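Coordinates in review
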Protein chains: 2
Amino acid sequence: MGWGDLGVYGEPSKETPNLDWMASQGMLLPDFYSANPLCSPSRAALMSGRLPIRNGFYTTNDHARNAYTPQKIVGGIPDSEILLPEVLQNLGYRSKIIGKWHLGQQAQYLPLVHGFDEWFGAPNCHFGPYDDKSQPNIPVYNGTVMVGRYYEDFLIDKKTGESNLTQIYIKEALNFLELQANKQQPFFLYWAVDATHEPVYASKMFLGTSQRGLYGDAVRELDSGVGQILQKVKELGLANDTLVIFSSDNGGATYAKEMGGSNGPFLCGKETTYEGGMREPTIAYWPGRIPPGVVSHQLGSLMDLFTTFITLAGGKVPTDRVIDGIDLSPSLFKQAVNDRPIFYYRGDEMMAVRWQMYKAHFWTWTNSQKEFEHGTDFCPGQVIDGVTTHEQMNHTTDPLLFHLGRDPGEKYMIRSNTEEYRQVMPKIMKIVADHKENLQPGEPQLNLCDESVMNWAPPGCDKINKCLQPPKSNPYNCTWVH
Amino acid sequence: MGWGDLGVYGEPSKETPNLDWMASQGMLLPDFYSANPLCSPSRAALMSGRLPIRNGFYTTNDHARNAYTPQKIVGGIPDSEILLPEVLQNLGYRSKIIGKWHLGQQAQYLPLVHGFDEWFGAPNCHFGPYDDKSQPNIPVYNGTVMVGRYYEDFLIDKKTGESNLTQIYIKEALNFLELQANKQQPFFLYWAVDATHEPVYASKMFLGTSQRGLYGDAVRELDSGVGQILQKVKELGLANDTLVIFSSDNGGATYAKEMGGSNGPFLCGKETTYEGGMREPTIAYWPGRIPPGVVSHQLGSLMDLFTTFITLAGGKVPTDRVIDGIDLSPSLFKQAVNDRPIFYYRGDEMMAVRWQMYKAHFWTWTNSQKEFEHGTDFCPGQVIDGVTTHEQMNHTTDPLLFHLGRDPGEKYMIRSNTEEYRQVMPKIMKIVADHKENLQPGEPQLNLCDESVMNWAPPGCDKINKCLQPPKSNPYNCTWVH
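Scoring rules and cut-offs
Residues numbered from 1 in each chain as written. Chains lettered and ligands numbered in written order. Predicted model: local features only at pLDDT ≥ 70, side-chain atom pairs only at ≥ 80, totals over all residues. Heavy atoms only, no water. Helix = DSSP H or I, 4+ residues; strand = E, 2+ residues; numbered from the N terminus. Buried < 20%, exposed > 50% of the residue type's maximum accessible area, 1.4 Å probe, protein only. Areas by Shrake-Rupley, 256 points an atom, 1.4 Å probe, with all protein chains shown as cover. Lys, Arg positive; Asp, Glu negative; His and termini not counted. Charge placed at Lys NZ, Arg CZ, Asp CG, Glu CD. Contact = heavy atoms within 4.5 Å. Buried area = accessible area lost by both parts, 1.4 Å probe. Salt bridge = Lys/Arg side-chain N within 4 Å of Asp/Glu carboxyl O. Polar contact = N/O pair within 3.5 Å; in protein donor to acceptor, adjacent residues only side chain to side chain. Pairing = 2+ DSSP bridges. Axes fitted to C-alpha atoms, helices over the stretch in contact; angles between N-to-C directions. Parallel < 35°, antiparallel > 145°, perpendicular 65-115°, else oblique. Nonpolar A, V, L, I, M, F, W, Y, C, P; charged D, E, K, R; others polar. Least-squares fit on C-alpha atoms with pLDDT ≥ 70 in both. Phe/Tyr/Trp six-rings, centres within 6.5 Å; stacked < 30°, edge-to-face > 60°. Lys NZ or Arg CZ within 6 Å of the ring centre and 35° of its normal. Left-handed = near helix turned anticlockwise from the far one by under 90°. Disulfide = S-S within 2.5 Å. Arc of directions from axis to C-beta. pLDDT = per-residue confidence, 0-100.

Comments concerning the overall build of chain A
Assigned secondary structure in chain A consists of 11 helices and 19 strands. Expressed as lengths along the three principal axes of its C-alpha atoms, the size of chain A is roughly 70 × 55 × 50 Å. Of all 482 residues assigned to chain A, the portion counted as buried reaches 65%. Roughly 17,500 Å² of accessible area belongs to chain A as shown, and the carbon and sulfur atoms make up 50% of that amount. Taking the average location of the 42 positive side-chain charges in chain A and that of its 54 negative ones, the two points are 2 Å from each other.

Let's talk about the interface of chain A and chain B
Each side of the interface is counted separately: chain A has 35 residues, and chain B has 35 residues. Looking at the side of chain A facing chain B, the largest losses of area belong to A:P12, A:Q211 and A:Y412, adding up to 24% of the total buried there. Linking chain A to chain B there are zero salt bridges. Linking chain A with chain B are 10 residue pairs in polar contact (both at pLDDT 80 or more).

Some remarks on the sheet that holds strand β5 (residues 139–142) of chain A
All names here are of chain A. Spatially, β6-β5-β4-β3-β7 is the arrangement adopted by the five strands of the open sheet, whose pairing is mixed. One side of each edge strand has no neighbouring strand; the edge strands of this open sheet are β6 (145–149) and β7 (187–192). Geometrically, the sheet is characterised by an average inter-axis angle of 15 degrees between neighbouring strands, direction not taken into account. Here strand β4 (residues 118–122) runs beside β5; their pairing, made up of two bridges, is antiparallel. Its bridge partner being in β5, G121 is matched across the sheet by Y141.

Topic: the pattern of salt bridges
Two side chains bearing opposite charge may form a pair once their charged atoms approach each other closely. As enumerated under the stated definition, the model contains 46 salt bridges over all chains in all. In this structure, the salt-bridge partner of A:E235 is A:K232, at a minimum N-O distance of 3.7 Å. Of this pair, A:E235 and A:K232 both sit in helix α6 (residues 214–235), separated by three residues, roughly a single helical turn. The exposure class assigned to A:E235 is exposed, which follows from its relative accessible area of 54%. By relative accessible area, which is 13% here, A:K232 ends up buried. Note that B:E81 and B:R50 form a salt bridge whose closest N and O atoms lie 2.8 Å from each other.

With respect to the sheet that holds strand β17 (residues 400–403) of chain A
Residue and element names in this part refer to chain A. Taken in spatial order, the four strands make up an open sheet running β12-β13-β14-β17, and their pairing is antiparallel. Because the sheet does not close on itself, it has two edges, and the strands there are β12 (342–346) and β17. In this sheet, adjacent strand axes meet at a mean angle of 20 degrees when their direction is disregarded. Across the sheet, helix α11 (residues 419–437) is in contact with β12, β13 (349–355), β14 (358–361) and β17; its angle to β13 comes to roughly 125 degrees.

What to know about the packing of helix α5 (residues 165–183) of chain B against helix α6 (residues 214–235) of chain B
In helix packing, the relevant descriptors are the interaxial angle and the interaxial distance, both defined with respect to the helix axes. Residue and element names in this part refer to chain B. Between α5 and α6, the least distance of the axes is 10 Å, while the angle of their chain directions is 10 degrees. When the axis of α5 is compared with that of α6, the two are roughly parallel. Of the residues in α6, those in contact with T166, Q167, I170, A173, L174, L177 and E178 of α5 are E221, G225, Q228, I229, K232 and V233. Across the contact of α5 with α6, the residue classes break down as six nonpolar, four polar and three charged.

What about the environment of A:P318?
Residue and element names in this part refer to chain A. Within the secondary structure, P318 sits in the loop between α8 (303–312) and α9 (329–334). Once the C-alpha coordinates of P318 and V87 are considered, the two residues, 231 residues apart in sequence, prove to be 9.0 Å apart. Contact partners of P318, with chain neighbours within four places excluded, come to I82, F306 and I323.

Comments concerning the side chain of A:Q445
All names here are of chain A. Mapped onto the elements, Q445 comes out in the loop between α11 and β18 (448–449). Owing to a relative accessible area of 14%, Q445 belongs among the buried residues under this scheme. Here G76 takes part through its backbone nitrogen, which lies 3.3 Å from a polar atom of the side chain of Q445. Excluding residues within four positions of it along the chain, Q445 makes contact with G56, Y58, I73, G75, G76, P78 and Y109.

Considering the relation of the copies chain A and chain B
The two copies are related by a screw operation: chain A maps onto chain B through 180 degrees of rotation and 0.0 Å of translation along the axis, at an RMSD of 0.0 Å. One copy is carried onto the other by what is essentially a two-fold rotation axis. If distances are taken from each C-alpha of chain A to the rotation axis, the shortest is found for A:G10, at 1.8 Å. Looking at chain A, 100% of its interface residues are interface residues in chain B too, so the copies touch through the same face.

A closer look at the packing of aromatic side chains
Scanning all chains against the criterion turns up 34 aromatic pairs over all chains. Taking 4.5 Å as the distance between ring centres and 50 degrees as the angle between the ring planes, the aromatic pair formed by B:W3 and B:Y9 counts as tilted. Judged on exposure class, the residue B:W3 and its partner B:Y9 are both buried. Taken together, the ring pairs in this structure connect A:W101, A:F116, A:F188, A:Y190 and A:F309 into an aromatic cluster. Over the ring of A:F333 we find A:R289; its NZ or CZ atom is 4.2 Å from the centre of that ring.

Looking at the packing of helix α2 (residues 39–48) of chain A against α8(A)
All names here are of chain A. Where α2 contacts α8, the axes come no closer than 6 Å and their chain directions differ by 20 degrees. Compared by their axis directions, α2 and α8 come out roughly parallel. Classified by chirality, the crossing of α8 by α2 is right-handed. Here α2 contributes A45, L46, M47 and S48 to the contact with α8, which in turn contributes M303, L305 and F306. Of the residues contributing to the contact of α2 with α8, the split by class is six nonpolar, one polar and no charged.

Focus on the pairing of strand β14 (residues 358–361) of chain B
All names here are of chain B. The alternating pattern of β14 places Y358 and A360 on one face and K359 and H361 on the opposite face, and all of these are buried. By the bridge criterion, four bridges tie strand β13 (residues 349–355) to β14 in an arrangement that is antiparallel. The residue bridging A352 from the neighbouring strand is H361, located in β14. The loop that links β13 with its antiparallel partner β14 comprises two residues; one of these, Q356, has a positive phi angle of about 50 degrees. Relative to strand β17 (residues 400–403), β14 is paired through four bridges, and the arrangement is antiparallel. Paired with A360 across the strands is L401, a residue of β17.

A look at the state of the cysteines
Residue and element names in this part refer to chain B. For the structure on display, the rule yields six disulfides over all chains. Two residues share a disulfide in this structure: C268 and C379, whose sulfurs sit 2.1 Å from each other. One quick way to see it: the torsion about the S-S bond of C268 and C379 is about 100 degrees, and its sign makes the bridge right-handed. Residue C268 is located in the loop between β8 (244–246) and α7 (275–278), and its partner C379 is located in the loop between α10 (369–373) and β16 (393–394); the two are separated by 111 residues in the primary sequence. For the pair C268 and C379, one class covers both residues: buried.

Looking at helix α1 (residues 17–24) of chain A
Residue and element names in this part refer to chain A. All of the buried residues in α1 are L19, D20, M22 and A23. Buried residues of α1, seen end-on, are gathered within an arc of 155 degrees and therefore sit on one face of the element. Buried residues along α1 sit against β1 (27–29), α6, β8 (244–246) and β9 (282–285).

With respect to the environment of B:Y9
Mapped onto the elements, B:Y9 comes out in the segment before α1 (17–24). As for B:Y9 and B:P30, which are separated by 21 residues in sequence, their C-alpha atoms are 8.1 Å apart. Beyond its immediate stretch of four places on either side in the chain, B:Y9 contacts A:G10, B:W3, B:G4, B:L28, B:L29, B:P30, B:P281 and B:T282.

Things to note about the environment of B:D241
In this structure, B:D241 sits in the loop between α6 and β8. The sequence separation of B:D241 and B:W286 amounts to 45 residues, and the corresponding C-alpha distance is 7.6 Å.

Thoughts on the confidence of the model for chain A
Put simply, chain A has an average pLDDT of 97, and 99% of its residues get 70 or more. Across the interface, the model reports ipTM at 0.96; the global pTM reads 0.97.

Here is the structure:
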């Protein structure tokens with residue numbers, strides 16, 4: 001979902017009472033970012049505390065391409081990456097992921113191999129191939145075995161938009177919380193529900209209830225889930241010992257039009273390195289520790305959750321590698337602001353940098369003229385001359401500078417002949433030089449595709465008669481058009 | 001200011017703590033509109049409860065033109081219009097306007113001739129002509145006499161942006177409240193400060209304090225003023241007997257770029273009949289009567305304040321004429337929703353209609369290609385094919401239909417061959433037919449200009465040596481390019 005999808009972030013229908021309440025009792029973080037404008041790399045960064053360019057969740061098949069993990073992807077999260085639940089496991093925490101994993105669907109990449117103790121959900125996104133037996137539907141796992149497939153056992157009616165998936169994921173969360181409370185064991189719950197991703201769905205009781213159509217129904221159901229989780233945490237007496245963070249993995253999918261959500265006043269959306277692609281609707285809640293109704297303008301990143309959670313759990317973040325996430329504790333509990341930059345990557349390229357209120361674009365690109373003409377529009381209704389370019393434009397010697405306070409929509413370039421540009425740009429150039437000097441790109445995981453690695457016969461398929469025959473292995477370089 | 005300029009309406013800097021607090025203790029009205037996308041007609045409608053096409057605040061010099069009241073305008077609010085303070089005066093209320101009047105600057109049009117008991121402010125907007133002695137600077141009145149002029153006695157430093165005007169207007173408000181409380185006399189305070197209109201200013205203590213630059217400084221000062229007024233109302237023990245409404249007279253002036261404010265997710269801004277031009281950041285506050293933190297999706301209009309205030313004061317709205325404003329009491333106090341349409345006028349033309357979640361454009365126009373090429377852009381960065389047109393496009397037989405819930409940005413037209421269009425459009429056509437059947441356009445007040453009617457020698461100018469010699473009368477038809 002997008003920054004602008006919550007009432008508290010300005011969505012006009014004001015249909016997220018639970019999230020708005022969470023913000024009123026906690027901290028709003030309007031300057032919080034994902035590490036990537038696309039799902040898989042963003043989640044890999046959240047789990048590893050490291051930029052995709054370091055953890056390998058990118059492609060070198062072409063310049064500045066968004067790549068992710070459809071079923072046919074060969075790669076996944078490398079074993080060499082230390083994931084958040086791995087560290088927490090060593091600290092006595094029990095971790096559960098509910099919903100979408102997205103860090104690779106081959107056996108060696110699955111959550112329980114990487115520190116999670118429990119999983120209920122799917123390795124890939126719930127879109128396609130929709131009951132087409134020529135390719136397997138996405139499996140749903142419970143722990144290490146599959147328990148069914150989307151569209152077959154876990155229904156999503158593409159015509160009516162009905163599915164009770166979110167209800168299932170809500171129940172999973174509430175059960176886990178109850179069990180952990182009974183066991184008095186600390187826990188990490190990664191509630192990574194598929195909603196509000198396309199194809200958008202909602203359960204019957206939410207269908208048709210939103211001013212915003214089906215997408216809004218899904219948002220309302222998600223909001224209701226957050227409300228139930230917060231309520232359960234409170235009922236179980238865990239509220240004063242539990243930090244709850246709400247955020248999203250990328251900007252609203254503006255290319256999906258009315259089904260893509262809102263990025264509020266920001267430019268473009270998912271897949272792009274404009275603000276609409278990476279600024280996330282983030283709320284932190286911890287009664288007793290975070291005062292109610294505060295706002296922090298800390299530049300934050302999903303990668304910070306890695307460092308913050310480990311620190312709060314009494315652990316130590318790895319020191320044998322670069323960790324991009326910072327400990328947000330001073331921002332959350334003491335209203336401090338850490339003067340750190342935000343890097344906007346697309347595939348193998350650093351496209352932009354934010355430092356304080358300034359953002360410099362080193363490269364601009366929406367998508368190719370050809371893709372655009374074929375109907376894929378990442379910036380519907382938005383055209384900023386020289387900024388929303390359909391060619392990859394190299395500005396690395398004279399980056400395009402914007403002030404996101406005066407101009408959150410990245411509309412009014414600060415010309416390079418101004419005093420402001422001359423004052424700001426050298427500082428940003430220094431930040432970028434330092435960043436690049438330390439940069440050791442990881443082995444790219446999203447280059448290779450192979451139909452044989454798809455979810456033909458996941459573990460447990462035989463018990464429920466869901467095994468399919470994989471084709472012969474035939475690896476090839478994936479094509480990433482954007 | 002625009003819909004998106006308040007924290008509670010999604011402005012990312014979240015710099016309006018007082019207005020956000022007001023919303024948290026009162027009612028947010030995200031579907032509230034001005035009666036016109038421009039200042040003077042909007043205010044005339046607020047004061048009269050009637051659309052500008054009825055009260056005369058429009059021009060017939062050209063089709064669908066925005067006209068307002070610069071100094072050289074000959075017209076003003078007709079004596080035949082019954083204004084809100086006139087009705088309240090008869091009910092024992094004392095009314096004060098602080099700030100901009102904008103309903104004509106000739107003697108017969110001034111506030112104290114039309115029901116107000118007190119006035120501290122100016123007849124026209126504070127822009128131009130900036131100390132150019134060939135034309136008079138705008139006078140500031142206290143009651144019936146001028147006490148100085150903008151840029152001469154009431155300084156606005158166009159270089160630094162410094163002016164203490166808002167502070168003066170805040171003090172005027174607090175004093176009035178104290179006096180009325182002492183007198184125990186009911187009152188109507190119309191706090192119509194010039195900020196945040198261009199040229200944007202703020203007092204020294206607010207300059208440089210906003211993330212948003214000078215515009216944000218002005219918003220912060222305005223917000224602080226609202227906070228002080230609410231605090232004073234409370235201190236004086238008036239809170240339970242006072243309805244406070246915050247709103248704006250038109251959308252953010254997007255043509256002014258970083259100095260124009262934000263219309264959030266909406267299309268275009270001031271001067272246009274897209275949502276950005278007329279949807280206003282509205283909050284209602286009345287402890288004990290309006291429950292805290294509620295949202296009403298009542299389609300509201302500034303004209304409703306006329307009817308609502310008169311009703312609450314125990315009066316009767318005039319029955320000898322059409323009043324467009326409705327009584328909002330059921331929405332404010334009982335969460336009822338009145339199914340009424342919103343008409344979007346530009347000059348003499350009804351450009352669009354909203355009914356429930358639907359909006360139909362009967363005419364589309366931003367501004368002329370020529371004006372656009374000369375740098376006046378009402379929709380910076382926004383281009384919606386067939387919607388943001390630089391020619392006046394007549395869609396009266398097949399209006400362009402949008403669903404503002406699914407698509408608040410008016411990006412995704414509902415095609416006329418869809419079932420939805422066929423179901424909705426006849427209802428809207430009926431509403432429009434009914435509206436037009438009853439429509440008796442008023443005598444247009446904004447057709448005629450004459451340099452001689454400018455503020456050369458307002459009453460009181462002789463006492464402070466501020467009289468200027470008017471030129472001979474030479475009336476001509478004003479030119480309205482947009």
